[in-house]
Amino acid sequence: AQSVTQLDSQVPVFEEAPVELRCNYSSSVSVYLFWYVQYPNQGLQLLLKYLSGSTLVKGINGFEAEFNKSQTSFHLRKPSVHISDTAEYFCAVMGDEKLTFGTGTRLTIIP
Amino acid sequence: DTGVSQNPRHKITKRGQNVTFRCDPISEHNRLYWYRQTLGQGPEFLTYFQNEAQLEKSRLLSDRFSAERPKGSFSTLEIQRTEQGDSAMYLCASHRRGSGNTIYFGEGSWLTVV
């Protein structure tokens, strides 16, 4: 079985400041990790994924994430956020042929 | 590649009525998933198909829910005798097994039961 914990339900950040959204996972099988973004009233869009190889993964919109096996984490980062980054962010782990999601982190950008 | 398409996007129904949602996956994607998402929560797995075969159903999928994918292309999710607790967004996703494990989601179908 697999599970994902996103400890921060809401993260307010000033525009142009850096941000980190935290994600911890547990999985009994090979680890494939994902970050999705959801804008209001829309579906999920893939930001980035880790399947294997380099532990630093770069995604769309300037986001990146680092896979840390020893800490079972996959935190999402962006060095400078923009108003358009306001959205809900979901971390997910693939296992048993399906995705299991965390409860999400709402990122709010303060002008 | 036109993406995963879902309709209707919004549905308001009275308690006790039946509703059906349709999902058209990305062409040549052999896997199709249904998820449910309530306000403030992450998506929860309901069921998935490999071609026309339904391979797994979550215990969240009560007897009032049925999903089909008759020809291995589009899928329908029917909810019978709707209850207020069924109000949620129903997300469809598709995936081509062996193509890098990326699952692509549709825009979702919002259900409001009044």
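The structure reproduced in this document is the subject of the present report. This one's a predicted model, so the numbers in the text were calculated from it and none came from an experiment.

A look at the pairing of strand β11 (residues 109-113) of chain B
Residue and element names in this part refer to chain B. Of the two faces of β11, the one lined by S109, L111 and V113 is fully buried and the one lined by W110 and T112 carries no buried residue. Where strand β2 (residues 10-13) and β11 come together, 4 bridges link them in parallel fashion. Considered in β11, the bridge of T13 is made with V113. Relative to β11, strand β9 (residues 88-95) runs antiparallel, the two being bridged by 3 bridges. Residue pairing in the sheet places M89 in a bridge with W110 of β11.

Some words on the pattern of salt bridges
Pairing between side chains of opposite charge can happen when their charged atoms approach one another. Counted by the stated rule, this structure contains 12 salt bridges over all chains. The partner of B:E56 in a salt bridge is A:K98, with the nearest N and O atoms 2.9 Å apart. Of this pair, B:E56 sits in strand β6 (residues 53-57) while A:K98 sits in strand β11 (residues 98-101), each in a different chain. Judged by its relative accessible area of 11%, A:K98 falls in the buried class.

Cut-off values and rules
- Along each chain, the written sequence defines residue order, and numbers are assigned to residues from 1.
- Chains carry letters and ligands carry numbers; both start at the beginning, A for chains and 1 for ligands, and go up in the order they are written.
- Residue-level local features of this predicted model are given only where pLDDT is at least 70; pairs of side-chain atoms are given and counted only at 80 or more, and the full residue set underlies all totals for whole chains, interfaces and linings.
- Excluding hydrogens and water, the side-chain figures rest on all heavy atoms present in the structure.
- Classification of residues uses two cut-offs on accessible area relative to the type maximum, computed with a 1.4 Å probe and protein chains only: under 20% is buried, over 50% is exposed, and between them is partly exposed.
- To qualify as a helix, a DSSP run of H or I must reach at least 4 residues; to qualify as a strand, a run of E must reach at least 2; elements of each kind are numbered from the N terminus.
- By this definition, two strands are paired if DSSP reports at least two bridges between them.
- What makes a salt bridge here is a side-chain nitrogen of Lys or Arg within 4 Å of a carboxyl oxygen of Asp or Glu, nothing more.

Bear in mind that shape data such as this cannot, by itself, settle questions of function.
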